[in-house]
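# Descriptive structure summary
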Amino acid sequence: MPVSPRRHLRRLARRVRAMLPSAAEVSVGNTAAAGDDRRAWEPPFDASSPAPPISYPITDLAALASRAYLSAEANFHLPFNRASVPAPASPLPQRRRVLVCHDMQGGYRDDAAPQGGANPDAYALWHWHLVDVFVYFSHYLVTLPPPCWINAAHIHGVKVLGTFITEWDKGVEVCKEMLATEASAQMYAERLTELAHTLGFDGWLINIEVKLDVQFIDNLKEFVKHLTTTMHDAVPGSLVIWYDAITVNGDLDWQDKLNKYNKPFFDVCDGLFSNYTWKENYPQDSATLAGDRKYDVYMGIDVFGRNTFGGGQWTTNVALDLLKKVDISAAIFAPGWIYETKQPPDFQSAQNHWWGLVEKSWGILRSYPEQLPFYSDFNQGHGYQVSVEGLQISSDPWNNISCQSFQPMLKYTRDQVHLQAYTDFKDGPYSGGNCLTAKGTLRQNIVFSERIFNGGLALEDGPVHLFYSVRANANSALGLSLDLSSRNKKGTSILVAEDIATFTRKKQNHKYGSYVKADKVELHAPDNQDWVLVQQHSPDNQDWVLCKATVWSSAGYTLTGINIVCTMKITGQISPETEDGSILEEHVDGSSLYQASLGHISIRNTDKNTEFPPAESWVTEGDYISWSKSSNGSELVSLKISWKLKTPDERQPPFSKYNIYVEKLTADSDVKAPRSYLGVASVDAFYVSGLEISNEVTSLKFFIQAFAHDGSWQELEECPNFFLSPVHSE
């Protein structure tokens, strides 16, 4: 998205250099070899040939016109590239908005593997509460968002757009062919709509970055108008946004604002993304011209800081502050700058700090939970291990943004803070790849509280059931508080904790309107199989404790916030509280170190787990089975496993994901076959690539373990499975 041909050349050169993979990136989805700068989907790539699934763009008009990408016969990867999380069908709110345009390292990096990759430090975004629209951008003709981004964004209510771009001399030829007639312009618009509808994303950013003869402009406007109309019909709540480059005169002339030269395109679509070299008065000029559509104008801000207002980088908030004052929307371009430039001290801290400045400028835009059931294990979609209900099922590093659950709204704090809540990838998680840890020092009489979710859940009369997991050292207590508000009633907070007495005996905590004691629930024990996994323990040998509580709600109240609440346990006798609220301690453990982790939280209308269809209710299939030899002479097998219910139950919500395991059976029935975790599927198919089989293995049994939206997992012995026998090639 340049402002001059010279800058375009410099920028393209930087992008080409960025496309060369690092050592940490070459293992992504098994799609590249070390030192190979060719993308896996470039020629001689054969999309019809079975292979580890990948996401890839469409690079020419012929491929777009042919519908080859949407052909199951021509595209083996199609089933794996469908988003599994439904789009938010509601229109964008009538307020200033934030659009984030993801342009990083040429696109299709670690995120190009729908089943995930092996880089635990892969880029991810988790500040979805500050975003309304996410655009996946690259310099290929048709950029299709990888399903991992669609799934993560949709969970948080954020819309996702792909990109259609024409640039350079090749782009001119593309436009001349596409816009030769009104019919062809409409046909290509319909092809883009089909792609978005089939793959499950929410629209397009249109970037025509070439100079055209004015004779093509009417058909260009028809292309944009027809795309907008067909998208609205096919995908409720969808968007088509025009990028500020070519003008209605056919000139490649970036205007940096909404004006008469680009407004005719704005008038036939859902918004304008302005170029990012605007002047101080341009946002107000744009808002004035847009009138009651001013929120549909997204003023560009380049985080790399290339001639952008305010300088971008760590002063991106300067531009945001001005746009907030004008009350117009923002388009943040390339926030991957934090990752690409390795901002200190580390990516997690730098990203939290940078987005903290965005939040300080504009505030929180999105709230959750908004409906029940609500579940989060705080999974960011990458890590160094994988757990299910406190049990480690894999010790391998991984990434898969599709695995993200609702992300906590943690505040960025500096080192001098005595107690800090943070996303913890080091200690064993309860579920997924990480947990939420509060660590530091805390005085005996202090109660520390930090909001983790900004809710918008309308409550009804009756019980609400709360499940959560805690792991804490001997002197630390962790609870949850629920903030409730009402127009007609005074707001209140409910404190929920297993060790409720520790909190109620401290005067500072008397601000809570009521207290609910949580009961311990026995964790599910693993079966007697010899699993390739181990029970999780924290460094001080503390295990996860599962807690359950019932809170009675009243109609008219809204759950507006969920907070973690931390305090030191009282282990000795205490004297009465002094007038200032402090506690005189006697025989109290002198340790001031606090450490406790929250593994997950689940809020439901029922205290029962999801009832899963039994194994016999499913049909499982294995296709594309092939054998090969490894370097050590053992057998390798690859295959696609798929599954579906024999009789789909419309009352049964679709499952959010599936864990895939394999059991290697031998002829000796007295030997317990170990089960191994293979990966996670977001769709009803999984590709097993190069699974090694020793000579004594006679058959394979694959398990497909469903995960429900309330956080419950199906018992493995009740899961659908697929047998492969014999497992050796002839």
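Residues numbered from 1 in each chain as written. Predicted model: local features only at pLDDT ≥ 70, side-chain atom pairs only at ≥ 80, totals over all residues. Heavy atoms only, no water.

Our focus in this paragraph is the overall build of the protein chain. Summing up its helical and strand segments, the protein chain has twelve helices and 33 strands in all. A burial count over the protein chain gives 58% of its 730 residues as buried. For the protein chain, long-range pairs separated by at least 24 residues make up 77% of all intrachain contacts whose partners lie at least 6 apart in sequence. As displayed, the protein chain offers around 29,700 Å² of accessible surface, 50% of which is attributable to carbon and sulfur atoms. (Helix = DSSP H or I, 4+ residues; strand = E, 2+ residues; numbered from the N terminus. Buried < 20%, exposed > 50% of the residue type's maximum accessible area, 1.4 Å probe, protein only. Contact = heavy atoms within 4.5 Å. Areas by Shrake-Rupley, 256 points an atom, 1.4 Å probe, with all protein chains shown as cover.)

This brings us to helix α5 (residues 182-199). For α5, with 18 residues, the first-to-last C-alpha span of 26 Å sits near the 26 Å given by 1.5 Å per residue. Those residues of α5 that fall on the buried side of the exposure criterion are Ser184, Ala185, Tyr188, Ala189, Arg191, Leu192, Thr193, Leu195, Ala196 and Leu199. Gly200, located one to two residues past α5, shows a positive phi value of around 90 degrees. (Expected span 1.5 Å × (residues − 1).)

This part is about the pairing of strand β29 (residues 657-666). Burial analysis of β29 places seven of its ten residues in the buried class, which makes it a mostly covered element. Inspection of the sheet shows β29 paired to strand β32 (residues 697-707) by ten bridges, in the antiparallel sense. Bridged to Val662 within β32 is Phe702. Pairing of β29 with strand β30 (residues 675-681) involves six bridges; the strand directions are antiparallel. (Pairing = 2+ DSSP bridges.)

In this section: the sheet that holds strand β19 (residues 476-485). The strand order across the open sheet built from five strands is β17-β25-β19-β20-β21, with neighbouring strands paired in mixed fashion. Each edge of the sheet is formed by a strand with only one pairing partner; in this case those strands are β17 (448-458) and β21 (514-517). Between one strand and the next, the sheet's axes are offset by a mean angle of 25 degrees, whatever the strand orientation. In this sheet, strand β20 (residues 492-497) lies alongside β19 in antiparallel orientation, the contact comprising five bridges. Within β20, the position partnered with Asp483 by the bridge is Ser493. (Axes fitted to C-alpha atoms, helices over the stretch in contact; angles between N-to-C directions.)

This part takes up the pattern of salt bridges. The tally for this structure, following the rule as stated, stands at 18 salt bridges. Taking the shortest distance from any N to any O, the salt bridge between Arg675 and Glu663 comes out at 2.7 Å. In this pair, Arg675 is assigned in strand β30 and Glu663 in strand β29, connecting sequence segments twelve residues apart. As far as the burial class goes, Arg675 and Glu663 line up, both buried. The network of salt bridges with common partners includes Arg95, Asp132 and Arg366. (Salt bridge = Lys/Arg side-chain N within 4 Å of Asp/Glu carboxyl O.)

How two aromatic rings sit relative to each other is set out by the distance from centre to centre and by the angle between their planes. Counted according to the given criterion, the structure contains 40 aromatic pairs. Ring centres of Phe378 and Phe453 lie 6.3 Å apart, and the angle between their planes is 15 degrees; this geometry places the pair in the stacked category. Here the residue Phe378 occupies a position in the loop between β10 (374-376) and β11 (382-383), and Phe453 occupies one in strand β17, the gap between them amounting to 75 residues. In this structure an aromatic cluster arises from ring pairing among Tyr123, Trp126, Trp128, Phe134, Trp149, Tyr339 and Phe347. Above the plane of the ring of Phe707 lies Lys657, whose end atom (NZ or CZ) is 4.8 Å from the centre. (Phe/Tyr/Trp six-rings, centres within 6.5 Å; stacked < 30°, edge-to-face > 60°. Lys NZ or Arg CZ within 6 Å of the ring centre and 35° of its normal.)

What follows covers the side chain of Asn659. Position of Asn659 relative to the elements: it lies in strand β29. Note on Asn659: relative accessible area 4%, which makes it buried. Beyond its immediate stretch of four places on either side in the chain, Asn659 contacts Val388, Ile393, Tyr677, Gly679, Val680, Phe703, Ile704, Gln705 and Trp713.

So, on to the nonpolar core. Counting 118 residues, the largest nonpolar core has Val142, Leu144, Phe164, Trp204, Ile208, Phe223 and Trp242 as its most contacted members. Of the residues forming this core, the biggest block, seven residues, is contributed by α5. Of all hydrophobic cores here, the second largest spans 43 residues; its members include Phe374, Leu466, Ala472 and Ile562. (Core = buried A, V, L, I, M, F, W, Y, C linked by side-chain atoms within 4.5 Å.)

Of the pairings in the sheet, the one linking strand β27 (residues 618-629) to strand β28 (residues 635-645) comprises ten bridges and is antiparallel in character. Within the sheet, the bridge partner assigned to Glu621 lies in β28 and is Ser642. The hairpin formed by β27 and β28 contains five residues between the paired strands, and Gly633 there has a positive phi angle of roughly 90 degrees.

Okay, helix α6 (residues 217-234) next. Look at α6: 25 Å from first C-alpha to last across 18 residues, which is about the 26 Å you get at 1.5 Å a residue. Taken as a whole, α6 has its buried residues at Ile217, Asn219, Leu220, Glu222, Phe223, Val224, His226, Leu227, Thr228, Thr230 and Met231. Of the surrounding elements, those touching the buried residues of α6 are β4 (159-167), α4 (168-178), α5, β5 (203-209), β6 (239-243) and α7 (263-266).

Another point: empty space enclosed by the protein. The tally for this structure, following the rule as stated, stands at eight cavities of 30 Å³ or more. Computed from the structure, the second largest cavity encloses a volume of approximately 100 Å³. Within the residue set of the lining of the second largest cavity, elements represented by two or more residues are β12 (386-388), β29 and β30. Among the elements that make up the lining of the second largest cavity, the one with the highest residue count is β12 (three residues). In terms of residue class, the lining of the second largest cavity is made up of seven nonpolar, five polar and two charged. (1 Å grid on protein atoms, 1.4 Å probe; cavity = no way out; pocket = protein on both sides within 12 Å on 5 of 7 lines; lining within 4 Å. Points joined across faces, edges and corners; volume = space filled by probe spheres on them. Nonpolar A, V, L, I, M, F, W, Y, C, P; charged D, E, K, R; others polar.)

On to unusual backbone geometry, then. The omega torsion across Pro344 and Pro345 is 0 degrees, close enough to zero to call that bond cis. Structurally, Pro345 is set in the loop between α10 (337-340) and α11 (347-362). Residues Leu372 and Pro373 are joined by a peptide bond in cis, for which omega reads 0 degrees. Examined against the element boundaries, Pro373 turns out to sit in the loop between α11 and β10. We note that Trp168 has phi near 65 degrees; this positive angle belongs to a residue other than glycine. Inspection of the secondary structure assignment puts Trp168 in helix α4. Residue classification places Trp168 among the partly exposed positions, given a relative accessible area of 34%.

Mapped onto the elements, Arg82 comes out in the loop between α2 (61-66) and β1 (98-102). Judged by relative accessible area, which is 35%, Arg82 ranks as partly exposed. In the structure, Arg82 is positioned 65 residues away from Pro147 in sequence and 6.1 Å away in space, judged by C-alpha atoms. What Arg82 contacts, discounting residues up to four positions off in sequence, is Pro147, Thr198, Leu199 and Val683.

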